[in-house]
Amino acid sequence: MYCVRNVTEDLYWVGANDHRLHLFENIHPIPRGVSYNAYLLLDEKTVLFDTVDWSACRQLLENLDHVLAGRPLDYLLINHMEPDHGASIEEILLRYPDVKVISTEKAFLFMRQFGFHIDGHELITVKEGDTQSFGKHTVTFVAAPMVHWPEAMVTFDTTNGVLFAADAFGSFGALDGKLFADEVNFDRDWIDDARRYLTNIVGKYGPHIQLLLKKAAGILDQIKFICPLHGPVWRENLGYFIDKYDKWSRYEPEEKGVLIAYASMYGNTESAAQALASKLCEKGMSNVWVYDVSNTHVSQLISETFRLSHVVVASVTYNLGIYPVMHNYLMDMKALNLQNRTFAIIENGSWAPTSGDLMQKFITDELKDMTLLNERVSFTSSLNATKAAELESLADAIIDSMKDEK
Ligand code: FEO
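Residues numbered from 1 in each chain as written. Predicted model: local features only at pLDDT ≥ 70, side-chain atom pairs only at ≥ 80, totals over all residues. Heavy atoms only, no water.

Trainee: How do you make sense of the side chain of Asp43 when you look at a structure like this?
Mentor: Here Asp43 lies in the loop between β7 (39–42) and β8 (46–49). Lys136 provides the closest opposite charge to the buried, salt-bridge-free Asp43, at an N-O distance of 5.9 Å. Polar contacts involving the side chain of Asp43 include one to the main-chain amide nitrogen of Lys136, which spans 2.9 Å. Sequence-distant contacts of Asp43, defined by excluding residues within four places in its chain, comprise Arg71, Phe134, Gly135, Lys136 and His137. (Helix = DSSP H or I, 4+ residues; strand = E, 2+ residues; numbered from the N terminus. Buried < 20%, exposed > 50% of the residue type's maximum accessible area, 1.4 Å probe, protein only. Lys, Arg positive; Asp, Glu negative; His and termini not counted. Salt bridge = Lys/Arg side-chain N within 4 Å of Asp/Glu carboxyl O. Polar contact = N/O pair within 3.5 Å; in protein donor to acceptor, adjacent residues only side chain to side chain. Contact = heavy atoms within 4.5 Å.)

Trainee: For this particular structure, what's the right way to read the pairing of strand β21 (residues 342–348)?
Mentor: Here is the key point about a regular strand: its side chains alternate between the two faces of the sheet. Judged by how many residues are buried, β21 sits mostly within the fold: seven of seven residues are covered. The two faces of β21 match: Thr342, Ala344, Ile346 and Asn348 on one face and Phe343, Ile345 and Glu347 on the other face are all buried. Inspection of the sheet shows strand β19 (residues 308–318) paired to β21 by seven bridges, in the parallel sense. Bridge pairing links His310 to Thr342 in β21. Crossover β21 to strand β22 (residues 371–379) through helix α11 (residues 355–366) is right-handed. (Pairing = 2+ DSSP bridges. Right-handed = clockwise from strand over helix to strand, strands pointing away.)

Trainee: I would appreciate a short explanation of empty space enclosed by the protein in the present structure.
Mentor: One simple way to see leftover space: roll a probe sized like a water molecule over the atoms. Throughout the structure, instances matching the rule amount to one cavity of 30 Å³ or more. By volume, the largest cavity amounts to about 50 Å³. If you go around the largest cavity, the residues you meet are Ala143, Ala144, Pro145, Val147, His208, Leu211, Leu212 and Lys215. The biggest single contributor to the lining of the largest cavity is helix α6 (residues 206–217), with four residues. (1 Å grid on protein atoms, 1.4 Å probe; cavity = no way out; pocket = protein on both sides within 12 Å on 5 of 7 lines; lining within 4 Å. Points joined across faces, edges and corners; volume = space filled by probe spheres on them.)

Trainee: I keep staring at the sheet that holds strand β15 (residues 162–166) and nothing clicks. Help me out?
Mentor: Two orientations exist for strands paired in a sheet by backbone hydrogen bonds: parallel and antiparallel. Pairing is mixed in the open sheet, where five strands are placed in the order β12-β13-β14-β15-β16. In this open sheet, the two edge strands, each paired with only one partner strand, are β12 (131–133) and β16 (225–228). Averaged over all adjacent pairs, the angle separating strand axes in this sheet is 20°, with direction ignored. In terms of strand pairing, β12 meets strand β13 (residues 138–143) through three bridges, oriented antiparallel. Looking across to β13, one finds that Gln132 is bridged to Val139. (Axes fitted to C-alpha atoms, helices over the stretch in contact; angles between N-to-C directions.)

Trainee: Please explain helix α8 (residues 268–282) as it appears in this structure.
Mentor: Since one α-helical turn is 3.6 residues long, residues separated by three or four positions face the same way. Its 15 residues give α8 an end-to-end C-alpha distance of 21 Å, which sits within 8% of 21 Å, the value for a rise of 1.5 Å per residue. What α8 keeps buried is the set Thr269, Ala272, Ala273, Leu276, Ala277 and Leu280. The buried residues of α8 occupy an angular sector of 140° when the element is viewed end-on, so they sit on one face. Gly284 sits one or two residues past α8 and shows a positive phi near 105°. (Expected span 1.5 Å × (residues − 1). Arc of directions from axis to C-beta.)

Trainee: Any chance you could explain the packing of aromatic side chains here in plain terms?
Mentor: Pairs of aromatic rings are described using the distance from one ring centre to the other and the angle between the two planes. Here the structure, examined in full by the defined rule, presents 22 aromatic pairs. Considering the side-chain rings of Phe186 and Phe241, the 5.2 Å spacing of their centres and the 75° angle between planes classify their relative orientation as edge-to-face. Of this pair, Phe186 sits in helix α5 (residues 186–202) while Phe241 sits in helix α7 (residues 238–250); the two residues are 55 residues apart in sequence, bridging distant segments of the chain. Each member of the pair, Phe186 as well as Phe241, carries the same accessibility label: buried. Grouped by ring-pair contacts, the aromatic residues Phe169, Phe186, Trp190, Trp234, Tyr240, Phe241, Tyr245 and Trp248 constitute a single cluster. Taking NZ or CZ as reference, Arg235 lies 3.6 Å from the ring centre of Phe180, over its face. Residue placement shows Arg307 over the ring face of Trp289; its charged tip is 4.6 Å from the ring centre. (Phe/Tyr/Trp six-rings, centres within 6.5 Å; stacked < 30°, edge-to-face > 60°. Lys NZ or Arg CZ within 6 Å of the ring centre and 35° of its normal.)

Trainee: Got a minute to help me understand the pattern of salt bridges in this structure?
Mentor: Opposite charge on two side chains lets them pair, provided their charged atoms get close. By the definition in use, this model includes 28 salt bridges. Across the pair Lys136 and Asp10 runs a salt bridge, and its minimum N-O distance is 3.6 Å. A residue pair is termed long-range when its members are at least 10 positions apart, and Lys136 in the loop between β12 and β13 and Asp10 in the loop between β1 (5–6) and β2 (11–13) qualify at 126 residues. Under the relative-accessibility criterion, Lys136 is labelled exposed at 55%.

Trainee: I keep staring at a nonpolar patch on the surface and nothing clicks. Help me out?
Mentor: Among the surface-exposed residues, Met265, Tyr266 and Tyr318 lie close enough to one another that they form a single nonpolar patch of about 360 Å² accessible area. Secondary-structure assignment places Met265 in the loop between β17 (255–263) and α8. (Patch = residues over 30% accessible without salt bridge, like charges linked within 9 Å, V, L, I, M, F, W, Y side chains within 5 Å. Areas by Shrake-Rupley, 256 points an atom, 1.4 Å probe, with all protein chains shown as cover.)

Trainee: Would you take a moment to explain the side chain of Thr199 for this structure?
Mentor: With respect to the helices and strands, the residue Thr199 is situated in helix α5. Under the relative-accessibility criterion, Thr199 is labelled buried at 0%. Polar contacts involving the side chain of Thr199 include one to the side chain of Asn200, which spans 3.5 Å.

Trainee: Looking at this structure, how should I read the nonpolar core?
Mentor: Soluble, globular proteins show a tendency: their nonpolar side chains are buried together. Ranked by size, the top nonpolar core spans 92 residues in total, and within it Val7 and Leu48 carry the most contacts. Take this core: its biggest share by element is eight residues, from α5. Excluding anything up to four places from it in sequence, Leu48 contacts Val14, Ala38, Tyr39, Leu40, Leu60, Leu64, Leu73, Tyr75, Leu76, Leu77 and Ile92. (Core = buried A, V, L, I, M, F, W, Y, C linked by side-chain atoms within 4.5 Å.)

Trainee: What's the story with the packing of helix α9 (residues 298–307) against helix α10 (residues 324–335) in this structure? I'm lost.
Mentor: Where α9 meets α10, the closest approach of the two axes is 10 Å, and the angle between their N-to-C directions is 55°. Put simply, α9 runs oblique to α10. At the point where α9 passes α10, the crossing takes the right-handed sense. Seen from α9, the contacting residues are Val298, Leu301, Ile302 and Thr305; seen from α10, they are Asn328, Tyr329, Asp332 and Met333. Taken together, the residues of the contact of α9 with α10 break down into five nonpolar, two polar and one charged. (Parallel < 35°, antiparallel > 145°, perpendicular 65-115°, else oblique. Left-handed = near helix turned anticlockwise from the far one by under 90°. Nonpolar A, V, L, I, M, F, W, Y, C, P; charged D, E, K, R; others polar.)

Trainee: What is the right way to look at the pairing of β8 in this model?
Mentor: Neither face of β8 is left uncovered, since the one carrying Thr46 and Leu48 and the one carrying Val47 and Phe49 both have all their residues buried. Sheet topology note: the β7/β8 ladder contains four bridges and is antiparallel. Each bridged residue has a counterpart across the sheet, and for Leu41 the counterpart in β8 is Val47. Taken together, β7 and the strand that follows it, β8, pair antiparallel across an intervening segment of three residues. As defined by bridge partners, β8 adjoins strand β9 (residues 75–77) across three bridges and the pair is classed as parallel.

What follows is the structure, encoded as structure tokens:
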């Protein structure tokens, strides 16, 4: 059965929802599913903006068939070639052999690399500043390299103010009928998945997002709709989401608060983490979030680390090193270019505690623009009352460091 919605009078969402995929990019859990958004414009010419993952191709085809209602498909416009959007390109070419394909030079290169038989079809290569008219609607193309792949572009419809934003302004989570961000309680139900999507998928490329935001700033008053390739379409309160993207891509925390990530084998490092959390709350800082790195997917840890200003890493020593899951979390921070946080360390080790020094070295040598508090709680096997003063002083240092911040 077709499943479509109008974005505007002549623009349709013709994408698909996916609740079957467990791991996005075969790595990030998506318990609320994901949507692959594709859009169809019915102008004097008909234009499909992007396709969907191969698993959702049948739905796209049914949707296209319904909305086209016998009209030919004139153009296929590809903003982003990653297979979660590009995998159905070849099927579209088979079904609509006369369709003209519009994309960037690099995207065409990638299509060939992925083995798509595009040659023999009319290919229109566009670059930043080029325009194309489909009748009433004229679009202009804006390069968006590394948001999220190098070939990516976004397309702006200057006639109705629709920005086809590719991976930018996307979110995990299936739409399940609710196409627009103003049809859901985004700040309550979606923001965590939006942050987890952006920070883990495109987080590394903050400067490139900043570049795109700067380009968008020049036409901000003309943007009426933001149509991303995943998650809800924005037509109200655009500034709310643009502001989030600005913060995330500048690696600026959204909130003053403390993430305590602990790695514990028998519960003793966990106990120290809980004791610190209680101390912080007792002293008035209750925006405290405690996570067991062994039981929390690293994509959620990363997302929370982007949200909060302070991070306490509490790790047992394992094989004279950092506990592997904690090490993986730190490595992911490095890979995603996370910056500008205040860190504190708790270390444990029964005969040779080394995790504290090793984490300190990683934070100072491998991560950018991090502040590390001098106060460290170090203990052997289990924390006891003799360490109460150290714990107190760590809690005080965290709270004091917050006073210096905006
Ligand atoms: Fe949703 Fe970079 O693809």
